[in-house]
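A structural walkthrough
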Amino acid sequence: MRNLFAGTEGSIKLFSAIIYVAIVATLRAWPYLIWCLILYFLLLLILRFPGYKNIRQLIPPLLFIAAMSAGIMLIDLKAGKSIDRGLVIFLRALNAIYVLNTVISSMTLQELLSSMRSLRLPEIMVNLVGFTLRYSDILSREMNRMMTARKARGYVPHKSMWHSSTMKVLGQTVGVLFIRSYERSERVYQAMLARGYGGSVIPVGGRKRLQKMDYIVGLSIILIPLTLKMAELGVLSWILP
Amino acid sequence: MDFAVEIEDLAFRHKDGTQALKGVTLKIKKGSRTAILGPNGAGKSTLLLHLNGIYLPQHGTVKIMGLESNRENEKKIRQMVGLVFQDPDDQVFCTTVWEDVAFGPVNFNLPDDEVQRRARQALRAVKLEGLEQKMPFHLSYGQRKRVAIAGVLALKPAILVLDEPHAFLDPSGKVELIKILNGINVEGNTIIVATHNVDFAYEWADDVVIIKDGRVLAQGGPDILADEKLINESELEYPVMVKLFRKLPEIGYNNIPRSVDEAAEFIRYKMNKLKKN
Ligand SMILES: Nc1ncnc2c1ncn2[C@@H]1O[C@H](COP(=O)(O)OP(=O)(O)O)[C@@H](O)[C@H]1O
Ligand SMILES: [Mg+2]
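Residues numbered from 1 in each chain as written. Chains lettered and ligands numbered in written order. Predicted model: local features only at pLDDT ≥ 70, side-chain atom pairs only at ≥ 80, totals over all residues. Heavy atoms only, no water.

Some thoughts on the sheet that holds strand S8 (residues 190–195) of chain B
All names here are of chain B. In spatial order, the strands read S6-S7-S8-S3-S9-S10; together these six strands make up an open sheet with mixed pairing. At either margin of the open sheet sits one strand with a lone partner, and together these are strand S6 (81–84) and strand S10 (215–220). The sheet shows a mean angle of 15 degrees between the axes of neighbouring strands, taken without regard to direction. Pairing analysis gives five bridges linking strand S9 (residues 207–212) to S10, with the strands arranged antiparallel. Paired with Val208 across the strands is Gly220, a residue of S10. Contacting strand S3 (33–37), strand S7 (159–163) and S8, helix H7 (residues 171–186) runs over the sheet at an angle of about 150 degrees to S8. (Pairing = 2+ DSSP bridges. Helix = DSSP H or I, 4+ residues; strand = E, 2+ residues; numbered from the N terminus. Axes fitted to C-alpha atoms, helices over the stretch in contact; angles between N-to-C directions. Contact = heavy atoms within 4.5 Å.)

Structure, rendered in structure tokens:
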């Protein structure tokens, strides 16, 4: 069946996602944040986007944030306060990362870049995102290659990171890694130029005509945190009997 | 005579000071299959990057289809010349095969249906239909190489340039490659291949350029690869066919066969002649 989420026009999705993140950043109670996540996940399901597939990609950034939140929780606990503050920070970040990740992964690279451009995001940011996405893979693959080559020549890392020979090899690895990645990224850039890529040649964005469905999806994404924000502010109790 | 490429006294120094080209002069005919042969470090890759305006001449001139390569024309030249890089991992970077093959046509602002058609044609030419939605990084090396070729074919360049297309290909990959190249050449395109594979050059090319240390040593038909002095000077080796037939002068031949098929034909012909006598 057609994936309605991926089919939605890119700049609308991206715009809604940014608003979503902005509103979520103001939510103060953790149950509301959890509700946001649940509702967003359900929205994805309704739009036939397999949102659970993105969960694995969230792990690396979430580990950082979890460590940070845990730190805050510990400090609060020691001060005799509740752990709510750390939890809220963690859940806000989780919301932001999950929403942006699903939106970005539902687009092609070209779509993402032209969406960013049509939202008038600064050119430097567009290029930054474009190149990060292109090159992030390069760094990790150069690393793997070097590690394999090193192992093949019998190198066994010492148990302790701080052992001097381990540190020396590690330092050299990082140094060479950067040079190699730099040289490779230069070649990658040349290869992109060879196929007509150029700062001034922008892939025509918004080739797709906007349709009612695009607006509905965009609005639904924004409505999730907006409703919960209103609930938090007590607006709903004025409206609802 | 119409030329696809005319290079006049081209010199180029890399940022770190390496003088990679020291006055290259050569002409490549339209519609030809040209092999640029030379040992590692001869300057082949540096030369190829000049053919589509990635490097602009520091000294001398480069003309593509009569158009001089400079900052103003670089965009036009890139549309005429498709360059396939040696390492597909330098070139293939999109998340799906389809997106990568469409990358070039989208950059040149072709309409959507044309982009689709070209990507489909290019994937058919390299026999990768059905893998459109695969992640390129999950494909084999030979398949990634074909994705790289398709990404350039989709631009329908008048001149197709490949940098060491044989590197790391397995035997069947090499056979496939020749088929793909022959398929393109039928359409009248000029194909330029940089390589140090003398067997390929001897069998496939109709024009051979030998370069070493940033200079052109010789240019001519594939038979220049049977020239003893030239082969020694260029640090290349004889093609297998040349090696074999040089050991058999008693067979009597004017031209050394260029492929196994040609050689078999030739030997059969000689044997039949013997039988008759
Ligand atoms: N990006 C670069 N920076 C500095 N030197 C380079 C670079 N690329 C190639 N060279 C040098 O230029 C010379 C020619 O290299 P290259 O054109 O890659 O030769 P080939 O492709 O024939 O092996 C070599 O000496 C090489 O070390
Ligand atoms: Mg090279």
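As for a negative patch on the surface
Residues and elements named next belong to chain B. Among the surface-exposed residues, Asp199, Glu203, Asp261, Glu262 and Glu265 lie close enough to one another that they form a single negatively charged patch. Of all the elements in the fold, those that place two or more residues in the negative patch are helix H8 (198–204) and helix H11 (260–276). The biggest single contributor to the negative patch is H11, with three residues. Its location among the elements puts Asp261 in helix H11. (Patch = residues over 30% accessible without salt bridge, like charges linked within 9 Å, V, L, I, M, F, W, Y side chains within 5 Å. Areas by Shrake-Rupley, 256 points an atom, 1.4 Å probe, with all protein chains shown as cover. Salt bridge = Lys/Arg side-chain N within 4 Å of Asp/Glu carboxyl O. Lys, Arg positive; Asp, Glu negative; His and termini not counted. Charge placed at Lys NZ, Arg CZ, Asp CG, Glu CD.)

With respect to the domain arrangement of chain B
Residue and element names in this part refer to chain B. Domain parsing of chain B yields domain 1 (3–235) and domain 2 (239–277). Its C-alpha centre places domain 1 at a distance of 33 Å from the equivalent point of domain 2. At the junction of the two partners, domain 1 supplies eleven residues and domain 2 supplies nine residues. With both chains or domains summed, domain 1 and domain 2 bury close to 790 Å², and 55% of this area falls on carbon and sulfur atoms. Between the two partners, domain 1 and domain 2, sit one salt bridge. Residue Glu228 is joined to Arg246 by a salt bridge in which the shortest nitrogen-to-oxygen separation is 3.6 Å. In this structure, the connection of domain 1 to domain 2 is made through five residue pairs in polar contact (both at pLDDT 80 or more). Of all the elements, H8 adds the most residues to the side of domain 1 that touches domain 2, at five residues. Each residue belonging to the side of domain 1 that touches domain 2 can be placed in one class, and the counts come to seven nonpolar, no polar and four charged. (Domains from an automatic or database assignment. Buried area = accessible area lost by both parts, 1.4 Å probe. Polar contact = N/O pair within 3.5 Å; in protein donor to acceptor, adjacent residues only side chain to side chain. Nonpolar A, V, L, I, M, F, W, Y, C, P; charged D, E, K, R; others polar.)

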